[in-house]
Amino acid sequence: MLSLNEYQQNALRTDPELKPKEALMNGALGLGGEAGEVQDYIKKVLFHGHKLDKEKLKEELGDVLWYIGYLAYIQGMTLEEIAIANIEKLLLRYPNGFNFKDSIMRRDTELMNIR
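Note that the coordinates shown come from a computational prediction; the quantities given were computed from them, not determined experimentally.

S.K.: How would you sum up the overall build of the protein chain? Please name residues and give values.
M.R.: Summing up its helical and strand segments, the protein chain has six helices and zero strands in all. Its C-alpha atoms give the protein chain a radius of gyration of 17 Å, more than 25% over the compact-globule value 13 Å for 115 residues. Summarising its shape, the C-alpha atoms of the protein chain cover approximately 40 × 40 × 30 Å along the three principal directions. The long-range fraction of contacts in the protein chain, counting pairs at least 24 apart against all pairs at least 6 apart in sequence, stands at 60%.

See the structure below:
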């Protein structure tokens, strides 16, 4: 099984090695573009009569993951750090699983403002 950090290390062999500001822009614009491709594909499935091809979706999601890993790397973060931080945030926000009340209340944001 491939860990998130192993994925990130393997994917970064295609790092274009840009200057810091260019790398940040490349990462952010690339992420937005690839997320847009996921959205466009789902739009075609839902509204244009295309059949959902899980392999196509997997490919597009992989491109999104590459840019997330790239942005994390150029900022000195690992994908595992990001995953752990996200789970911690979700546990604070939704201690008993998702519900609308907790979504509106945003406990994690309130706790951050107290600090």
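S.K.: Please give an account of the packing of aromatic side chains that cites residues and values.
M.R.: All chains considered together, the criterion is met by four aromatic pairs. Arranged with centres 5.0 Å apart and planes meeting at 15°, the rings of Trp-66 and Tyr-70 form a pair that is stacked. Of the two residues, Trp-66 and Tyr-70 both sit in helix α3 (residues 54-74), four residues apart, roughly one turn of that helix. The pair formed by Trp-66 and Tyr-70 is uniform in burial state, with each residue classed as buried. Ring plane angle 50° and centroid distance 5.2 Å describe the contact between Tyr-94 and Phe-98, whose orientation is recorded as tilted. A residue is classified by how much of its surface remains accessible, and Phe-98, at 54% relative accessible area, is exposed.

S.K.: Kindly report on the packing of helix α1 (residues 4-11) against α3, identifying the contributing residues and their values.
M.R.: Relative orientation of the contacting elements α1 and α3 amounts to 90°, with a least axis distance of 10 Å. Comparing the axis directions of α1 and α3 gives the class roughly perpendicular. Between α1 and α3, the residues in contact are Tyr-7, Gln-8 and Ala-11 and Gly-62, Leu-65, Trp-66, Gly-69, Ala-72 and Tyr-73, respectively. For the contact of α1 with α3, the class distribution of residues is six nonpolar, three polar and no charged.

S.K.: So what about a nonpolar patch on the surface? Which residues, and what values?
M.R.: Taken together, Ile-68, Met-77 and Ile-82 make up a surface patch of nonpolar side chains, about 210 Å² in accessible area. Relative accessible area serves as the criterion here: at 32%, Ile-68 is assigned to the partly exposed category.

S.K.: Before we move on, could you go through the side chain of Glu-34 and cite the residues and values that matter?
M.R.: With respect to the secondary-structure elements, Glu-34 resides in helix α2 (residues 20-47). No salt bridge is formed by the buried Glu-34; its nearest oppositely charged neighbour, Lys-56, is found at 8.1 Å. Excluding residues that lie within four positions of it along the chain, Glu-34 makes contacts with Glu-60, Asp-63, Val-64 and Tyr-67.

Procedures and definitions
Counting restarts for each chain, with residues numbered from 1 along the sequence as it is written. Given that this is a predicted model, residues contribute local features only at a pLDDT of at least 70 and side-chain atom pairs are listed and counted only at 80 or more, while totals for whole chains, interfaces and linings are drawn from all residues. The side-chain figures draw on all heavy atoms in the structure; neither hydrogens nor water molecules are used. Helix and strand definitions here come from DSSP, where helices need a minimum of 4 consecutive H or I residues and strands a minimum of 2 consecutive E residues; each element is numbered from the N-terminal end. With C-alpha atoms as the basis for the radius of gyration, the globule rule is written as 2.2 Å multiplied by the number of residues raised to the power 0.38. Here a residue-residue contact requires only that any non-hydrogen atoms of the pair lie within 4.5 Å. Here a Phe, Tyr or Trp ring, Trp counted by its six-membered ring, pairs with any other such ring whose centre lies within 6.5 Å, and the pair is stacked when the planes are under 30 degrees apart, edge-to-face when over 60, and tilted otherwise. Each residue's exposure class comes from its accessible area (1.4 Å probe, protein chains only) as a fraction of the maximum for that residue type: buried when under 20%, exposed when over 50%, partly exposed otherwise. For helices, the fitted axis covers only the stretch in contact; all axes are lines through C-alpha atoms, and the angles between them, taken along N-to-C directions, range from 0 to 180 degrees. Roughly parallel refers to an angle under 35 degrees, roughly antiparallel to one over 145, roughly perpendicular to one between 65 and 115, and oblique to any angle outside these ranges. Under this grouping Gly is polar, as are all residues other than the nonpolar Ala, Val, Leu, Ile, Met, Phe, Trp, Tyr, Cys and Pro and the charged Asp, Glu, Lys and Arg. The patches described consist of residues with a relative accessible area above 30% and no salt bridge, like charges being joined within 9 Å and nonpolar side chains (Val, Leu, Ile, Met, Phe, Trp, Tyr) within 5 Å. Where accessible areas are quoted, they stem from the Shrake-Rupley method and a 1.4 Å probe; at the residue level, only the protein chains shown are allowed to cover. The term salt bridge refers to a pairing of a side-chain nitrogen on Lys or Arg with a carboxyl oxygen on Asp or Glu at a separation within 4 Å. The charged-residue count follows a simple rule in which Lys and Arg add positive charge and Asp and Glu add negative charge, with His and chain termini not counted at all.

Worth remembering: the numbers are spatial, not functional.
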